[in-house]
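# Structural overview for review
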Amino acid sequence: MIEGYTNADTAPSGEEKSCPTMTLIRDKNLVIIVDPGILDSQQILIDKLKEEGLSVNDIDIVFITHSHLDHYRNIGMFPEAKTLEYFGLWSGGSVEDWNSQFTDDIRIIKTPGHNYDSLTLLVKTDKGVVAICGDVFWKEGFPENDAYATDNKELEVSRSKVLEMSDWVIPGHGKMFKANY
C-alpha cells in the first residue's frame, strides 16, 4: 500500500529519515494493516485507505512486525481494530494468545534477530506465498550487517527461514522482491 524507505545506511548522524512499508491484507472477512509506522502526515495513510474503499474504522487488525517506533507509531489511528503483536492479540486492555496458523491463508512465524520480538506474516496469494517480514530485510539484500540487530546470528537464521518459506518478500523499508536466493 505504501512503499517504505530508509536512509539509515547513508545519513549523517541525526539526519536519518525512515518510513516502513505498510501493507494491506484482505483475507475473507478480515482487513489487516501491517506496520502503520511513521509518516510525515497521517493523511497519507487515510488517503491510501480511501483509494482502497476503506476508512480507518474498516481495519479489523493492526499487525506489528516488531516493537521499533518507526513500525508502530500510528497504531492509534485505528480505534476499532485489534492489535496483533509478539505478545498476543489485543482488544482494548485484554489480550489472548495468537495461533501460528492465524487463518487458512495467513501463518505467523517468529523471526528474531533484528529485534527479539520480530514476527513475519506468511500470506498465501495467487502469486504464491508472500512474507511480510518487517526489518528481517530492510530492502532487497540489505543490510548485509544490521547495525540495529539484537542478534545477527539469529537474524541470519530468520532471513534463511523467510526466503525458504516464501515466493515473495515485503521488507521493512522497500518494495516487494522475489525470494530467489
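Structural notes, computed from the coordinates. (Residues numbered from 1 in each chain as written. Predicted model: local features only at pLDDT ≥ 70, side-chain atom pairs only at ≥ 80, totals over all residues. Heavy atoms only, no water.)

## What to know about the layout of surface pockets
Let me state the cut-off plainly: The pocket and cavity definitions rest on a 1 Å grid over protein atoms only: a 1.4 Å probe that fits but cannot leave marks a cavity, an open set with protein on both sides within 12 Å along at least five of seven lines marks a pocket, and residues lining either have an atom within 4 Å of a point. Grid points are joined across faces, edges and corners, and a volume is the space filled by probe spheres set on the points. Helix and strand assignments follow DSSP, with helices taken as H or I runs no shorter than four residues and strands as E runs no shorter than two, numbered in order from the N terminus. Any residue outside Ala, Val, Leu, Ile, Met, Phe, Trp, Tyr, Cys, Pro, Asp, Glu, Lys and Arg is labelled polar, Gly included; the first ten of those are nonpolar and the last four are charged.
In this structure, the largest pocket spans a volume of roughly 360 Å³. Lining the largest pocket are 19 residues, and of these Met-1, Thr-23, Leu-24, Ile-170 and Met-176 sit closest to its centre. Among the secondary structure elements, those contributing two or more residues to the lining of the largest pocket are β3 (23-27), β10 (119-125) and β11 (128-132). Residue contributions to the lining of the largest pocket peak at four residues, all from β3. Considering only residue class, the lining of the largest pocket consists of 10 nonpolar, four polar and five charged.

## Overview of the side chain of His-173
In plain terms, the rule: In this scheme, a residue with accessible area under 20% of its type's maximum is buried, one over 50% is exposed, and one in between is partly exposed, where area comes from a 1.4 Å probe on protein chains only. N or O atoms closer than or at 3.5 Å make up a polar contact, with two conditions inside protein: a donor-capable atom paired with an acceptor-capable one, and, for residues adjacent in sequence, both atoms drawn from side chains. By the convention used here, residues are in contact when the closest approach between their heavy atoms is within 4.5 Å.
Its location among the elements puts His-173 in the loop between β12 (168-170) and β13 (177-178). A relative accessible area of 4% means that His-173 is categorised as buried. Within the local environment of His-173, its side chain forms a polar contact with the backbone oxygen of Tyr-5, the two atoms lying 3.3 Å apart. Polar contacts involving the side chain of His-173 include one to the main-chain carbonyl oxygen of Cys-19, which spans 3.0 Å. The residues touching His-173, leaving out its near neighbours within four places in the chain, are Gly-4, Tyr-5, Thr-6, Ser-18, Cys-19, Pro-20, Thr-21, Asp-70, His-71, Asp-135, Trp-138 and Lys-139.

## Describing the pairing of β10
To be explicit about the condition: Strand pairing follows a simple DSSP-based rule, namely that at least 2 bridges must link the two strands.
Buried residues dominate β10, accounting for five of its seven residues. Relative to β10, strand β9 (residues 106-110) is paired through five bridges, and the arrangement is antiparallel. Paired with Lys-110 across the two strands is Leu-119, which belongs to β10. Here β10 runs beside β11; their pairing, made up of five bridges, is antiparallel. Note that in β11 the partner of Leu-122 across the bridge is Ala-131. Remark: two residues form the turn of the hairpin made by β10 and β11, two consecutive strands paired antiparallel.

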